[in-house]
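Fold and contact review
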Amino acid sequence: MTKFNDTILKAFRGEETDYTPVWYMRQAGRSQKEYRELKEKYSLFEITHQPELCAYVTRLPVEMYDVDAAVLYKDIMSPLPAIGVDVEIKSGVGPVIDKPITSLRDVEKLGSIDPESDVPYVLDTIRLLTQEQLNVPLIGFSGAPFTLASYMIEGGPSKNYHKTKALMYSDHKAWFTLMDKLADMTITYVEAQVKAGAQAIQIFDSWVGALNVADYRTFIKPVMNRIFSALRDYNVPLIIFGVGASHLINEWNDLPVDVIGLDWRMSIAEARQLDVTKALQGNLDPAFLMSDWEVVEEKTKQIIDEGKAHPSHIFNLGHGVTPEISPERLKKLTAFIHEYSKR
Ligand SMILES: O=C(O)CCc1c2[nH]c(c1CC(=O)O)Cc1[nH]c(c(CC(=O)O)c1CCC(=O)O)Cc1[nH]c(c(CC(=O)O)c1CCC(=O)O)Cc1[nH]c(c(CCC(=O)O)c1CC(=O)O)C2
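Residues numbered from 1 in each chain as written. Predicted model: local features only at pLDDT ≥ 70, side-chain atom pairs only at ≥ 80, totals over all residues. Heavy atoms only, no water.

**Re the overall build of the protein**
When helices and strands are tallied, the protein shows 15 helices and 9 strands. Across its three principal axes, the protein shows a C-alpha extent of roughly 55 × 45 × 40 Å. Counting all 343 residues of the protein, 59% fall into the buried class. Contacts spanning at least 24 positions in sequence make up 73% of the contacts within the protein whose residues lie at least 6 apart. For the protein, the accessible area works out to roughly 14,100 Å², and carbon and sulfur atoms hold 50% of it. (Helix = DSSP H or I, 4+ residues; strand = E, 2+ residues; numbered from the N terminus. Buried < 20%, exposed > 50% of the residue type's maximum accessible area, 1.4 Å probe, protein only. Contact = heavy atoms within 4.5 Å. Areas by Shrake-Rupley, 256 points an atom, 1.4 Å probe, with all protein chains shown as cover.)

In structure tokens form, the structure reads like this:
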């Protein structure tokens, strides 16, 4: 067994490292041939319910790409059935919820999660990976209340979140009760992942960029403060990530997080000009990986150079790996990042 490589944990904590560590959102699923063959037989939930199989899928990209962290193979929807939300992941569509939340009554029906009895397979997978199989840290994760609520209210992926925002603006009791229930679920669910062995946590608020700063401060920021303040007790690096949320970066810099994950809309240099002090993660647009290698190399060098100007930077894409990106490309990119970023 090769020596455990904790470089990425040092970068998450804002320390300077010998090279720029890298992992990719959605690295575990997607385009590996071995994974595609598995997906012919099993759904995402069926894989996650089998710890040995789920650990194998989680390890695939680590062994194939030599990335500096593993991310647990599951979805941000995974804990929702435990609180009474009937969600299905439709291939090529995404999460689908047949009975969306429409009122306070629906919110009050939601229960709470007991990870050891509701999602024992998630915790067993984490134990398997961190006690026996990985020589890089394992990243656990949860969706954030706004992003989870957007699926629960819209009934699936959305472009404009009109129903979500309408409920948020018009029914404050329903909204804040839902936020509190989802915050309680997130804290309990993340605590169990850390106790099982996850060494860093990412909170995905993918769609909160749909809100302006004022509404973020009113309807979201207090609950995010509560979540991250509670998670600090578990003493693992905490990452917040969202898409199209650059206008919220100074709000995120106020939160008790260690790392801010950027998409491609704001450069690392621009974030630093806004006095963002947290470690930064990102932020290559996945679309680059479909273009000529010379273009990828040039953009990657720019991101690494900007990241090196301040401690510290973790390389990632600006959003999850897309299905058409080839494993060969990700392997080549990872090797290039490790080589080019050496101090
Ligand atoms: O099609 C299938 O059968 C399953 C597809 C699949 C899903 N989650 C998945 C997988 C495994 C895989 O990538 O193959 C599995 C999945 N989803 C996620 C992770 C964690 C990570 O990103 O590393 C992971 C596991 C880790 C990994 O695959 O590397 C997290 C996730 N699910 C979701 C989101 C919201 C978002 O997209 O930003 C996000 C966060 C941002 C991200 O994409 O990285 C919600 C979700 N889950 C899913 C989708 C369907 C669209 C799509 O496939 O991109 C979508 C997106 C949407 O349309 O709203 C289904």
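**Looking at the confidence of the model for the protein**
Confidence along the protein averages 97 in pLDDT terms, with 100% of residues attaining 70 or more. Among the prediction metrics, the complex's ipTM stands at 0.91, with pTM recorded as 0.97. (pLDDT = per-residue confidence, 0-100.)

**With respect to the pairing of strand 8 (residues 279–284)**
Each regular strand carries side chains that alternate between the two faces of the sheet. The element strand 8 is largely enclosed, with a buried count of 6 among its 6 residues. Relative to strand 8, strand 7 (residues 259–261) is paired through 3 bridges, and the arrangement is parallel. Looking at strand 8, one finds that Val 259 is bridged to Ala 279. Of the crossover connections in this fold, the one passing from strand 7 over helix 13 (residues 268–273) to the parallel strand 8 is right-handed. As paired elements, strand 8 and strand 9 (residues 313–317) share 5 bridges and run parallel to each other. Within the sheet, the bridge partner assigned to Asn 283 lies in strand 9 and is Asn 316. (Pairing = 2+ DSSP bridges. Right-handed = clockwise from strand over helix to strand, strands pointing away.)

**Thoughts on the packing of helix 4 (residues 51–65) against helix 7 (residues 120–133)**
Between helix 4 and helix 7, the shortest axis-to-axis distance is 9 Å and the interhelical angle comes to 55 degrees. With respect to each other, helix 4 and helix 7 are oriented oblique. The hand of the helix 4/helix 7 crossing is right-handed. The segment helix 4 lies against helix 7, with Pro 51, Glu 52, Cys 54, Ala 55, Thr 58 and Arg 59 engaging Tyr 121, Asp 124, Thr 125, Leu 128, Leu 129 and Gln 133. Among the residues making up the contact of helix 4 with helix 7, the classes are represented as 6 nonpolar, 3 polar and 3 charged. (Axes fitted to C-alpha atoms, helices over the stretch in contact; angles between N-to-C directions. Parallel < 35°, antiparallel > 145°, perpendicular 65-115°, else oblique. Left-handed = near helix turned anticlockwise from the far one by under 90°. Nonpolar A, V, L, I, M, F, W, Y, C, P; charged D, E, K, R; others polar.)

**Digging into the nonpolar core**
One finds Phe 12, Leu 80, Trp 175, Leu 182, Ile 220, Met 224 and Leu 333 to be the most contacted residues of the largest nonpolar core, which totals 124 residues. Not counting chain neighbours up to four residues away, the residues in contact with Leu 333 comprise Tyr 24, Leu 284, Leu 289, Trp 293, Val 296, Thr 300, Phe 315 and Leu 317. (Core = buried A, V, L, I, M, F, W, Y, C linked by side-chain atoms within 4.5 Å.)

**Re the site of the ligand**
Near the ligand you find 29 residues, and of these Ala 28, Lys 39, Ser 91, Tyr 151 and His 319 are the closest. Within the side chain of Lys 39, an N or O atom sits 2.5 Å from an oxygen atom of the ligand. For the ligand, whose unbound accessible area comes to 910 Å², protein coverage reaches 90%. For the shell around the ligand, the secondary structure elements donating two or more residues are helix 2 (33–41) and strand 3 (94–97). (Near = heavy atom within 4 Å. Polar contact = N/O pair within 3.5 Å; in protein donor to acceptor, adjacent residues only side chain to side chain.)

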